[in-house]
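# Structure at a glance
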Amino acid sequence: MPRPSTREVGGGTQSVERALSLLQAFTAESPERRISELAQLSGLGQSTVSRLVGTLEALGFVTHDERSGLYRLGPTVVGLAGVALNQSPVHRQARSLAQELAGELGLGANVAERHGDALFYLCHFEGRLAPRAYTMIGSKGPLHATAMGKALLSDLGTDDIEALIGAAYPAYTPRTIRDLQALTAELDEVRTRGYATEVEELAFGGRAWRLRCATARAGWSRRCRCRGRCRPWTCPTARTSWR
């Protein structure tokens, strides 16, 4: 099979980058877009965007609402996300435990791992007392302003934390931790008591607590030392975070 020329490779790579940039324009805040919006956001010509979107639609990456003229992410994206999620060892080991916890307590139960300088939700179940019309799976959150993030940071030393997220942090509410010194003091408490808390630090009215597991660095990547003889939310050796 003949190898493509450098020019062909470059052109193909550019098309892929452009198509992926269009997919990234669909967000939780703006899940539907028009061609004109995509062109404005990407800086590409409208004819180029129309051609790329047509290809994405043919492959199922986006769908088109004929009535509104809006595009949204399609079933191919959902299918690929499912494949990736099911390959996560954290997701596979924690999913049934999170579901059981949500059912027993009637509250929401989440599992996340750290991706770079943010947390990434892998599991999300809502109990009868905390219904929610959307899923948090795939969404990200700040490490300094969530109980989940603090539980995940509690494994790191001060220098590592500063290298990861810096020494000054954005404030979401008046209660948000804003600097490394305050965060370090909070993490010392997390390590001492074995769990992290969040009280209106990310959003008004939001409260959460997360367990810290001494045998897993990201969610339930490994079973706790109790080997299933405990409940995960009462296990003294578990480091995943539950809401």
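To be clear, the structure that these remarks concern was listed above.
Residues numbered from 1 in each chain as written. Predicted model: local features only at pLDDT ≥ 70, side-chain atom pairs only at ≥ 80, totals over all residues. Heavy atoms only, no water.

## Digging into the side chain of Thr173
Note that Thr173 resides in the loop between helix H7 (158–165) and helix H8 (180–193). Overall, Thr173 belongs to the buried group, its relative accessible area being 4%. Engagement of the side chain of Thr173 in a polar contact is seen with the backbone oxygen of Glu200, the distance being 2.5 Å. Those residues within four positions of Thr173 in sequence are excluded, and the remaining contacts are Arg178, Glu200, Glu201, Leu202, Ala203 and Phe204. (Helix = DSSP H or I, 4+ residues; strand = E, 2+ residues; numbered from the N terminus. Buried < 20%, exposed > 50% of the residue type's maximum accessible area, 1.4 Å probe, protein only. Polar contact = N/O pair within 3.5 Å; in protein donor to acceptor, adjacent residues only side chain to side chain. Contact = heavy atoms within 4.5 Å.)

## So, the nonpolar core
Burial of nonpolar side chains together is a common tendency in soluble globular proteins. With 16 residues, the main nonpolar core has Leu119, Leu153, Ile161, Ile165 and Leu183 as its most contacted residues. Contributions of two or more residues to this core are made by strand S5 (118–125), helix H6 (147–153), H7 and H8. Once residues within four sequence positions are removed from consideration, Leu153 is found in contact with Leu143, Ile161, Leu164, Ile165, Leu183, Leu187 and Arg191. In terms of nonpolar packing, the next biggest core, distinct from the first, is built from 15 residues, Ala19, Ile35, Leu56 and Val62 among them. (Core = buried A, V, L, I, M, F, W, Y, C linked by side-chain atoms within 4.5 Å.)

## Some thoughts on the packing of aromatic side chains
This structure, assessed with the given rule, holds 0 aromatic pairs. Taking NZ or CZ as reference, Arg193 lies 5.1 Å from the ring centre of Tyr195, over its face. (Phe/Tyr/Trp six-rings, centres within 6.5 Å; stacked < 30°, edge-to-face > 60°. Lys NZ or Arg CZ within 6 Å of the ring centre and 35° of its normal.)

## Section: the pattern of salt bridges
Evaluation of the coordinates by the stated rule reveals 9 salt bridges. Glu189 serves as the salt-bridge partner of Arg193, at 3.2 Å between the closest nitrogen and oxygen. Placement of the pair is Arg193 and Glu189 together in helix H8, with a separation of 4 residues, close to one helical turn. Classification of Glu189 by relative accessible area gives partly exposed; the value is 43%. One salt-bridge network, held together by shared partners, links Lys150, Glu186, Glu189, Arg193 and Glu201. (Salt bridge = Lys/Arg side-chain N within 4 Å of Asp/Glu carboxyl O.)

## Some remarks on the environment of Asp179
By the secondary structure assignment, Asp179 is in the loop between H7 and H8. Using a relative accessible area of 33% as the deciding quantity, one classes Asp179 as partly exposed. Considering only alpha carbons, one finds Asp179 and Ala168, 11 residues apart in sequence, at a separation of 4.5 Å. Sequence-distant contacts of Asp179, defined by excluding residues within four places in its chain, comprise Ala167, Ala168 and Tyr169.

## Describing the sheet that holds strand S2 (residues 62–64)
Pairing in this open sheet of 3 strands is antiparallel, and the strands run S1-S3-S2 from one edge to the other. Of all the strands in the sheet, just strand S1 (32–33) and S2 have a single pairing partner and so form its edges. When S2 meets strand S3 (residues 71–73), the two strands line up antiparallel, connected through 3 bridges. Looking at the pairing, Thr63 lines up with Arg72 of S3. Across the sheet, helix H3 (residues 46–58) lies against S2 and S3, angled at about 100° from S2, the strand it touches most. (Pairing = 2+ DSSP bridges. Axes fitted to C-alpha atoms, helices over the stretch in contact; angles between N-to-C directions.)

## Quick word on the sheet that holds S5
Strands in a sheet are paired, the pairing made by backbone hydrogen bonds, and the direction either parallel or antiparallel. One open sheet accounts for 3 strands, arranged S4-S5-S6; its pairing is antiparallel. Each edge of the sheet is formed by a strand with only one pairing partner; in this case those strands are strand S4 (109–115) and strand S6 (140–142). Mean inter-strand twist for the sheet, computed between neighbouring axes without regard to direction, equals 40°.

## Observations concerning the side chain of Glu198
Here Glu198 shows up in strand S7 (residues 195–199). The buried category is assigned to Glu198, whose relative accessible area is 3%. At a separation of 3.0 Å, a polar atom in the side chain of Glu198 contacts the main-chain amide nitrogen of Ala147.

## Considerations on unusual backbone geometry
Positive phi values are uncommon outside glycine, yet Glu200 reaches one of about 50°. Within the fold, Glu200 resides in the loop between S7 and strand S8 (207–211). For Glu200, a relative accessible area of 19% translates into the label buried.

## Observations regarding a nonpolar patch on the surface
A contiguous nonpolar surface patch, about 270 Å² in accessible area, is contributed by Leu105, Leu107 and Leu129. Checked against the element boundaries, Leu107 lands in the loop between helix H5 (89–105) and S4. Taking relative accessible area as the criterion, Leu107 reaches 41% and is therefore assigned partly exposed. (Patch = residues over 30% accessible without salt bridge, like charges linked within 9 Å, V, L, I, M, F, W, Y side chains within 5 Å. Areas by Shrake-Rupley, 256 points an atom, 1.4 Å probe, with all protein chains shown as cover.)

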